[in-house]
Amino acid sequence: MKSVSGKKLCKIVEKKGWILRKVTGSHHIYSKPGVDKILSIPVHKNQDLKIGTLKALMKIAELTEEDL
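Counting restarts for each chain: residues are numbered from 1 in the order of the written sequence. pLDDT decides what is reported in this predicted model: residues at 70 or higher carry local features, side-chain atom pairs at 80 or more are listed and counted, and totals for whole chains, interfaces and linings draw on all residues regardless. Excluded from the side-chain calculation are hydrogens and water; included are all heavy atoms of the structure.

Asker: Quick question: what am I supposed to make of the side chain of Ser31 here?
Answerer: Note that Ser31 resides in strand β2 (residues 27-32). Accessibility expressed as a relative area gives 15% for Ser31, which makes it buried. For Ser31, the side chain forms a polar contact with the side chain of Arg21, separated by 2.5 Å. Contacts are assigned to residue pairs with any non-hydrogen atoms lying within 4.5 Å of each other. Beyond its immediate sequence surroundings of up to four residues, Ser31 is in contact with Trp18, Ile19 and Arg21. A run of DSSP states H or I qualifies as a helix once it reaches four residues; a run of E qualifies as a strand once it reaches two. Both are numbered from the N-terminal end. Exposure is judged per residue with a 1.4 Å probe applied to protein chains only, and the accessible area is read against the type maximum: over 50% gives exposed, under 20% gives buried, and values in between give partly exposed. N or O atoms within 3.5 Å of each other form a polar contact, as long as, within protein, one can give a hydrogen and the other can take it, and as long as residues adjacent in sequence are counted only when both atoms are side-chain atoms.

Put into C-alpha cells, the structure is as follows:
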C-alpha cells in the first residue's frame, strides 16, 4: 500500500462527499451526512501518513486502495 499525505487524503475524502467541519490545530475534522462517524485527518505539511493511521481512516471513510 502506498502512503499519501494528509493534504492529499483530505482532497480524496472531499470528492467522496465528506464535508470539512472544522480545523483543530493540525487536524481537519470531516463529517458526512448519513454517517455517524467523523474523520480526523492529521495534516502536517506534506508528510505522508503512517500506514496504520491511513488504514484506519480509510476504513471509516470506506475507501479502497484504488481511491488513493
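Asker: Sorry, what's going on with the pairing of strand β1 (residues 19-24) here?
Answerer: The side chains of a regular strand alternate, first on one face of the sheet and then on the other. Of the pairings in the sheet, the one linking β1 to β2 comprises five bridges and is antiparallel in character. Opposite Leu20, over in β2, you have Tyr30 as the bridge partner. Hairpin connection between β1 and β2: a loop of two residues separates the two successive antiparallel strands, and Gly25 in this loop has a positive phi of roughly 65°. When DSSP finds two or more bridges between a pair of strands, those strands are recorded as paired.

Asker: Just checking my understanding: could you explain helix α1 (residues 6-15) for this structure?
Answerer: Since the α-helix advances by 3.6 residues per turn, residues separated by three or four positions end up pointing in the same direction. Buried within α1 are the following residues: Gly6, Leu9, Cys10, Ile12 and Val13. Burial along α1 is one-sided: seen end-on, the buried residues are contained in an arc of 165°. Among the exposed residues of α1, those pointing more than 90 degrees away from its buried face are Lys11 and Lys15. Relevant arc is that of directions from the helix axis to the C-beta atoms, nothing else.

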